[in-house]
Amino acid sequence: MTNEKIDMIDAAPVTSRHPEVTSIEDVITFRLQRLVNINERAGHQWSERMFDISLNEWRLLALIVARAPTRAGDMSDALLMDKSQLSRVIKSLLKKALIRNMTDPNDGRAIALQPTSKGIALHEKMMVEVLRGNERVLAPLDPKEVEALTTILDKLLDHAQELLSARLERERRGLA
């Protein structure tokens, strides 16, 4: 593949930043997704085996602990999870008494989610394992590489969020 390629959105040539691609396995987004999938598979196993909680339940609980009190809609946006799936995960966490509903302190008409003491205790235990797992994932990198990776991921996540927000806005306006 050359450094000149066609931008499918604008049909205009753009300079490529992407390294040489001979197959899908060379595409950076494919490689990132593969890394995520490998870690997801391991994550499902340890979260359910060690803590009797699904990976989606863990992620939602962890975000609720971090942002409490928080609305379900904000969690849907943060997790990029559709509302029906999020509703099922919320119901499961409520049933397990890991979170509770409360009146939103910023809007008395709305409901917010907050962790219970049982949820906070589970979060603390699970974070120990999450950090151990992250250390294993980062083991081949030196501290400067970890710092660079963090900076790069922040840039990519911010940019991807901007692109997604722009696309959703175009769709909302009927332009996409």
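K.L.:
Now, about the pattern of salt bridges: what can you tell me, with residues and values included?
P.N.:
In this structure the tally under the stated criterion is seven salt bridges. Close ionic contact of K96 with E57 constitutes a salt bridge, the shortest N to O distance being 2.9 Å. Pair noted here: K96 is in the loop between α4 (83-95) and β3 (99-104) and E57 is in helix α2 (residues 55-67), with a separation of 39 residues, a long-range link. Residue classification places K96 among the partly exposed residues on the basis of a relative accessible area of 25%. Between R132 and E129 there is a salt bridge, with the nearest N and O atoms lying 2.5 Å from each other.

K.L.:
Lay out helix α1 (residues 28-51) with the relevant residues and their values.
P.N.:
Taking 1.5 Å as the rise per residue, α1 with 24 residues should run 34 Å; its terminal C-alpha atoms sit 33 Å apart, in good agreement. Buried within α1 are the following residues: G43, W46, S47 and F51. Contacts from the buried residues of α1 go to α2 and α5 (117-138).

K.L.:
How would you summarise the packing of α2 against α5 if you had to cite specific residues and measurements?
P.N.:
It is the contact of α2 with α5, at a shortest axis distance of 10 Å, that shows an interaxial angle of 110°. The orientation of α2 with respect to α5, classified from their angle, is roughly perpendicular. Between α2 and α5 lies a crossing of left-handed hand. Packed against α2, whose contacting residues are W58, L61, A62 and V65, the element α5 presents G119, L122, H123, M126, M127 and V130 at the interface. Here the contact of α2 with α5 is built from residues that sort into eight nonpolar, two polar and no charged.

K.L.:
Explain the packing of α2 against α4 to me, using residue names and the numbers behind them.
P.N.:
Geometry of a packed helix pair, given as the angle between the helix axes and the separation of the axes. Contact geometry for α2 and α4: axes closest at 10 Å, N-to-C directions at 80°. For the element pair α2 / α4, the angle class is roughly perpendicular. Together, N56, E57, L60 and L61 of α2 and Q85, L86, V89, I90, S92 and L93 of α4 make up the contact between the two elements. Looking at the contact of α2 with α4 residue by residue, the classes come out as six nonpolar, three polar and one charged.

K.L.:
Please give an account of the nonpolar core that cites residues and values.
P.N.:
Where a protein is soluble and globular, its nonpolar side chains tend to be buried together. Ranked by internal contacts, the top residues of the largest apolar core, which has 22 residues, are I53, L60 and L93. Elements represented by at least two residues in this core include exactly α1, α2, α3 (72-79), α4 and α5. The element contributing the most residues to this core is α2, with seven residues. Apart from residues no more than four positions distant in its own chain, I53 is found in contact with S47, E48, W58, L61, L93, K96, L98, L122 and M126.

K.L.:
Outline the pairing of strand β4 (residues 107-115), supporting the account with residue identities and numerical values.
P.N.:
As defined by bridge partners, β3 adjoins β4 across six bridges and the pair is classed as antiparallel. From the neighbouring strand, T103 faces β4, where its bridge partner is I111. The antiparallel hairpin formed by β3 and β4 contains two residues in its connecting segment.

K.L.:
Lay out the packing of aromatic side chains with the relevant residues and their values.
P.N.:
Throughout the structure, instances matching the rule amount to one aromatic pair. An angle of 85° between the planes, with centres 5.6 Å apart, marks the rings of W46 and F51 as edge-to-face. A single burial state applies to W46 and to F51, both of which are buried.

K.L.:
Please provide a residue-by-residue account of the side chain of D104, values included.
P.N.:
Inspection of the secondary structure assignment puts D104 in strand β3. One polar contact links D104 to R71, side chain to side chain, over a distance of 2.6 Å.

What counts and how
Residues numbered from 1 in each chain as written. Predicted model: local features only at pLDDT ≥ 70, side-chain atom pairs only at ≥ 80, totals over all residues. Heavy atoms only, no water. Salt bridge = Lys/Arg side-chain N within 4 Å of Asp/Glu carboxyl O. Helix = DSSP H or I, 4+ residues; strand = E, 2+ residues; numbered from the N terminus. Buried < 20%, exposed > 50% of the residue type's maximum accessible area, 1.4 Å probe, protein only. Expected span 1.5 Å × (residues − 1). Contact = heavy atoms within 4.5 Å. Axes fitted to C-alpha atoms, helices over the stretch in contact; angles between N-to-C directions. Parallel < 35°, antiparallel > 145°, perpendicular 65-115°, else oblique. Left-handed = near helix turned anticlockwise from the far one by under 90°. Nonpolar A, V, L, I, M, F, W, Y, C, P; charged D, E, K, R; others polar. Core = buried A, V, L, I, M, F, W, Y, C linked by side-chain atoms within 4.5 Å. Pairing = 2+ DSSP bridges. Phe/Tyr/Trp six-rings, centres within 6.5 Å; stacked < 30°, edge-to-face > 60°. Polar contact = N/O pair within 3.5 Å; in protein donor to acceptor, adjacent residues only side chain to side chain.

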